[in-house]
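The lines below spell out each chain.
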Amino acid sequence: MSMEPIIERLIGRAEAGEAGSLTPEEGRALSQRLRALVDGDPASTGPDRGPAEEALRLAAYLDGTLDAAARADFERELVHSPERRDELIAAVAWLDQLAARREAPPADALQRAMALDTPPPQPRGRGFAAVVEWLLPRPRLAIATSALATLAIAAVGVDIALHLSPLATRPPAIGETLEPPPIRTHLPPPSTIRPLPQGRILLTAETINAVLAYQEQPAEQRRLDLIGALARAGSPAFDARNVRVITVQPRLLERLRQRNERLPAEIAASLSLDGNLRLESAD
Amino acid sequence: MLRAVLAGRPGAWAQFVQQCQSDVYAACCIAFPGAQAKDEYVAVMAQLRANDFALLRAFDGRATLSAYLRLVLRDVLCQRVARLLVDAPDRGWRAFEHFFKRDITRIITRYFPAAAEAGRERDIYHDVVMALIENGYRRILAYDGQGSFGGFVLRIVNNLCVDLLRRDVPRRRLPAAIQRLPALEQEVFRQRYWEECPPEQLVAAVRGQGIAVDGPEAVAAAEKAVRAALPANFKTGDDDRPRMVSMSVAANPADDPLEVADDRATPEEEATARQHEDTLAQASGALRAAIAQLPGDVRLYLQHVMAEDPAPAPRDIARRMGRPATDIYALRQQADRLLRQALREHPAIKSLRLSV
C-alpha cells in the first residue's frame, strides 16, 4: 500500500472515497482515522471571555484584521479545541446564511424599533416653563409616591447600617461576652477594594451558615436566605424566582461540614436554565 | 455612526436602525419561524440598547461592525431561544430546532458520512433530536451560562453522535489478562495496541485520558506489565469478539438440509487484511508524530480539511481561516511538503517501504 492516498486525503486533494485505489468505505474509514490523528489530544476550551469579546475576536479573525500575534493565539486555541472549531464553523455558516437572506422588516416593526429611542420627558431643557412646573404643587398621588420613596430610601439606609455592624443583627447568646464593636473611623476608599473575578463569591461565615442551613432543611425561606447571603458576598444577581434548587459540590459540602481542612477563600456559583444553582469551590 | 448612537445624538439611533434593519430582521427570521420574527425583531433591537448599549459599546474597531453585529445577533438570538425553551417549551423547541437544524445536520454528516447515501440520515437526526427532547429537554436546560449557549448545544450534539457511533460499533473489549490489571496498565494497553501510540508519546496520551501518572518510569513499568500479561506474539485482533455469521440455507431443505454456506474470509484474505491493518497502524503512528511537528496554521488547515466528509472546498476553508484562497493553496503545498519530508525520514515508513 502506498502512503499517497493517505496524504492526498489529509491535505484535501482527494475526494472522499476516491483516494487512489481505496473503495468509498475504505476512504471513509481512513477519514475517521485521520480525523483522530489531526485532532490529537483536545485541551480545554480556554477562558470564557463573555459573548461580546468572543464575537469581537471571532469577527476580527474572520475579517483578517487580527494582528499576527493575536491570530496565532487564536489559531492555537482552535488547534487544541474541537469545540472552538465547531463554533467557528457554525459562526461562518450563520454569516453565510445571513448574507444570503436580506429581508426588510415590516414597516410597523421598523417604526417600533425606531421609537425605542424616544427619550422620557425631562424638565431640564424645556426652559422657564419646566422650572415653574417643577416648583408648582404636585398632585396628591405624586406627593404620596415621593413620601413612600423617601421612606424606602431611609429603610435601605437602616438596612445598610445594620449590615455594616454585624453585632447589631443578632442578640448575644446566653453566656456570650458582648465585646464593644470596633470603632469604624472611615470606610476604605473604593480603590482599595479588590474586585472579585467574574462569578467568584467570598466564602463568608454568613454564606457557610446559610449553605449548611439550606442543606439541613431546603425550605423556601432558607433558600431565599442563602441567595441573599450569596449576593452580599459578591455573587452576580440571581433572580430568586429562577432558582428552583441549590446544589452544592459534594467535596465543598464535606469541607464545610468537617472543617478539618482549609476552606476555600472563594466559591463559584452558576445557574442552569432549569433553575439549578450550583455552588462549587473556586480553588 | 456608532459613536453618535452611543453619545445619544438625535437621529443617530434611527439611522442605525435603518442601516442594520435587514440584517437584524433576517437573523430573527432564521431563528424564529413565522410571525414571531416581527416581535423578536423589536425585542432584539431593544436588547442592543440594553444596559446603555453594552453590546454595542464593547465594539472597539478590531473587526468590521457588520461582522461583529451579525455574530452578536447570533448570540442574542441563541439566548432568546434558550429562554423561550424555559418559558414556553413548545414554542421554544420549534425555535430551537429551526435555529440549530443546520448545525445538527452538519455534525451528523461528519460522524456518519455514509448515512446520507444509505438513507439513514433522517433516522440519526431523529435519534439526536429525541435525545435532546427527552426528560423535558434535560440536556439543553443544564446550560449554566458558562460559555456561549450555541457552543454548549454543539457540544451536546457531538457527544450524542459519539454515543450513537458507539452503539453502532460496540466498543472493543480488553483481553481478559489486561482486564485484571490496574487502570494505568489498561490505558497503556489501549494506547499502545489500539491507538498505535508511539512510545515517546505514551505518557501524554495516558495523561490525556485523565489518568494520573507519576512519570515516564511509571508508564514504562506499566508497559512492561502489559507485555508480561499478554501471550507471546500477541497482536490486536487476537481478542476478536464473536461475529454474526449469516446462514444461507438451501432454498429447499430437502435438497441438502445441512449445507450452510461458509462466508468467512479465506486464510489468504485474512492474511492480506491483517497486513493491511498492520501497515495502516504503523503509518498512523508515523503520521501522528509528523502532524505533531507541523506549524499551527498548517495543522489547523488539516483539521479543517478533515472536519467534513467530503472535505470542504479551499474557498470554504479560506473563509473559515479568514485568509485569501491563495493562502490556502500555499498552506496545502506546505502541508504536503512537510508531511512527505517527515514521513520519508520516519523509521516505521522506511521499514514498511511505503512510497511517499
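Residues numbered from 1 in each chain as written. Chains lettered and ligands numbered in written order. Predicted model: local features only at pLDDT ≥ 70, side-chain atom pairs only at ≥ 80, totals over all residues.

K.L.:
Could you give an account of the overall build of chain A, with specific residues and numbers?
P.N.:
Secondary structure assignment for chain A yields 11 helices and 4 strands. Within chain A, buried positions represent 24% of all 283 residues. Long-range contacts, defined here as pairs at least 24 residues apart, represent 49% of the contacts in chain A between residues at least 6 apart. (Helix = DSSP H or I, 4+ residues; strand = E, 2+ residues; numbered from the N terminus. Buried ≥ 20, exposed ≤ 12 C-beta atoms within 10 Å, placed from the backbone. Contact = placed C-beta atoms within 7 Å.)

K.L.:
How would you explain the overall build of chain B if you had to name every residue and give the values?
P.N.:
Each helix and strand in chain B was counted, giving 17 helices and 0 strands. Looking at chain B as a whole, 33% of its 356 residues qualify as buried. Taking all contacts inside chain B whose residues are at least 6 apart in sequence as the whole, residues at least 24 apart take part in 53%.

K.L.:
Could you give me a rundown of the pairing of strand β4 (residues 276-281) of chain A, with the residues and numbers involved?
P.N.:
Residues and elements named next belong to chain A. In terms of strand pairing, strand β2 (residues 245-248) meets β4 through 4 bridges, oriented parallel. Note on β4: the bridge partner recorded for V245 is N276. By the bridge criterion, 5 bridges tie strand β3 (residues 266-271) to β4 in an arrangement that is antiparallel. Looking at the pairing, L271 lines up with L277 of β4. Between the antiparallel neighbours β3 and β4 lie 4 residues, among them G275 with a positive phi of about 85 degrees. (Pairing = 2+ DSSP bridges.)

K.L.:
Now, about the interface of chain B and chain A: what can you tell me, with residues and values included?
P.N.:
Quoted interface sizes are often the accessible area lost when the parts come together. Of the residues lining the interface, 87 residues belong to chain B; the matching set on chain A comes to 75 residues. Per element, the largest residue contribution to the side of chain B that touches chain A is 11 residues, and it comes from helix α2 (residues 12-31) of chain B. In the side of chain B that touches chain A, the residues fall into 47 nonpolar, 18 polar and 22 charged. (Nonpolar A, V, L, I, M, F, W, Y, C, P; charged D, E, K, R; others polar.)

K.L.:
Residues and numbers for the pairing of β3 of chain A, please.
P.N.:
With 3 bridges joining them, strand β1 (residues 200-202) of chain A and β3 of chain A adopt antiparallel strand pairing. Considered in β3 of chain A, the bridge of R200 of chain A is made with A268 of chain A.

K.L.:
Could you give an account of helix α10 (residues 220-232) of chain A, naming the residues involved and the relevant values?
P.N.:
All names here are of chain A. Here α10 contains 13 residues, and its C-alpha end-to-end distance of 19 Å stays within 8% of the 18 Å for a straight helix at 1.5 Å per residue. Of all the positions in α10, only L226, I227, A229 and L230 are classed as buried. Down the axis of α10, the smallest arc covering the buried residues is 160 degrees, so these residues share one side. Facing away from the buried side of α10 by over 90 degrees, the exposed positions are E220 and Q221. Buried residues in α10 make contact with β1, α9 (205-216), β2 and β3. Positive backbone phi, approximately 105 degrees, marks G234, located one or two places after α10. (Expected span 1.5 Å × (residues − 1). Arc of directions from axis to C-beta.)

K.L.:
Now, about α9 of chain A: what can you tell me, with residues and values included?
P.N.:
All names here are of chain A. In a regular helix each residue adds 1.5 Å, so 12 residues correspond to 16 Å; α9 covers 16 Å between its end C-alpha atoms and thus fits that length. Residues T207, A210, V211 and Y214 constitute the buried set of α9. Taken around the axis of α9, the buried residues stretch over an arc of 100 degrees, which confines them to a single face. Away from the buried face of α9 by more than 90 degrees, exposed residues A205 and E216 are located. Its buried side turned inward, α9 meets β1, α10, β2, α11 (250-258) and β4.

K.L.:
Tell me what's going on with the packing of α2 of chain B against helix α3 (residues 36-57) of chain B, and back it up with residues and numbers.
P.N.:
Residues and elements named next belong to chain B. Close contact between α2 and α3 brings their axes to 9 Å; oriented N to C, the two are set at 130 degrees. Comparing the axis directions of α2 and α3 gives the class oblique. Judged by the twist between their axes, the crossing of α2 over α3 is right-handed. Listed contacts from α3 to V17, V24, Y25, C28 and C29 of α2 are A37, E40, Y41, V44 and M45. (Axes fitted to C-alpha atoms, helices over the stretch in contact; angles between N-to-C directions. Parallel < 35°, antiparallel > 145°, perpendicular 65-115°, else oblique. Left-handed = near helix turned anticlockwise from the far one by under 90°.)

K.L.:
Tell me what's going on with unusual backbone geometry, and back it up with residues and numbers.
P.N.:
Residues and elements named next belong to chain B. Of note in the backbone geometry, F53 takes a positive phi value of approximately 60 degrees without being a glycine. Along the chain, F53 turns up in helix α3. The exposure class of F53 is partly exposed, given the 17 C-beta atoms found within 10 Å. Even without a glycine there, the phi angle at Y137 is positive, about 60 degrees. For Y137, the position within the fold is in helix α7 (residues 121-141).

K.L.:
I'd like a rundown of the nonpolar core, residues and numbers included.
P.N.:
One broad rule of soluble globular proteins: the nonpolar side chains tend to lie buried together. Counting 107 residues, the largest nonpolar core has A59 of chain A together with C28, Y41, Y68, L77 and V81 of chain B as the members making the most contacts within it. Of all the elements, helix α4 (residues 65-87) of chain B adds the most residues to this core, at 13 residues. Filtering out sequence-adjacent residues up to four positions away, Y41 of chain B remains in contact with P105, A109 and A113 of chain A together with V24, Y25 and C28 of chain B. Membership of the second largest hydrophobic core comes to 20 residues, among which are I201, A210, Y214 and A233 of chain A. (Core = buried A, V, L, I, M, F, W, Y, C linked by C-beta atoms within 7 Å.)

K.L.:
Give me the sheet that holds β4 of chain A: which residues, what numbers.
P.N.:
All names here are of chain A. If you walk across this open sheet you meet the 4 strands as β1-β3-β4-β2, and the pairing is mixed. The two strands at the open ends of the sheet, each matched to only one other strand, are β1 and β2. Direction aside, neighbouring strands of the sheet carry axes that sit 30 degrees apart on average.

K.L.:
I'd like to hear about the environment of A131 of chain B, residue by residue, with values.
P.N.:
All names here are of chain B. By secondary structure assignment, the location of A131 is in helix α7. Here A131 falls in the partly exposed class, since 17 other C-beta atoms lie within 10 Å of it. For A131 and I156, which are 25 residues apart along the polypeptide, the C-alpha to C-alpha distance reads 9.8 Å. In this structure A131 touches R139 and L160, once residues within four positions along its chain are discounted.

K.L.:
Can you lay out the confidence of the model for chain A for me, pointing to particular residues and giving the numbers?
P.N.:
Per-residue confidence for chain A averages 73 on the pLDDT scale, and 66% of its residues sit at or above 70. Under a pLDDT of 50 for its full length, residues 166-197 of chain A has, in the predicted model, 8 contacts with residues more than four places off or in other chains. (pLDDT = per-residue confidence, 0-100.)

K.L.:
Which residues make up the packing of helix α14 (residues 296-306) of chain B against helix α16 (residues 325-344) of chain B, and what values do they have?
P.N.:
Residues and elements named next belong to chain B. In the contact formed by α14 and α16, the axes pass within 9 Å of each other and the chain directions differ by 100 degrees. Here α16 runs roughly perpendicular to α14, going by the angle between their axes. Note on element contacts: α16 touches α14 through I328, L331, R332, Q334, A335 and L338, opposite D297, V298, Y301 and L302. Its residues assigned to classes, the contact of α14 with α16 comprises 7 nonpolar, 1 polar and 2 charged.

K.L.:
Please provide a residue-by-residue account of the confidence of the model for chain B, values included.
P.N.:
All names here are of chain B. For chain B, the mean per-residue pLDDT works out to 82, and 84% of the residues sit at or above 70. Low pLDDT, under 50, characterises residues 238-250; the predicted model gives this stretch 11 contacts beyond four residues in sequence or across chains. Scored as a complex, the prediction yields pTM 0.63 and ipTM 0.71.

K.L.:
Got a sec to walk through the environment of P236 of chain A? Specific residues and values, please.
P.N.:
Residue position: P236 of chain A is located in the loop between α10 and β2. In this structure, the C-alpha to C-alpha distance between P236 of chain A and A268 of chain A, residues 32 residues apart in sequence, is 10.0 Å.

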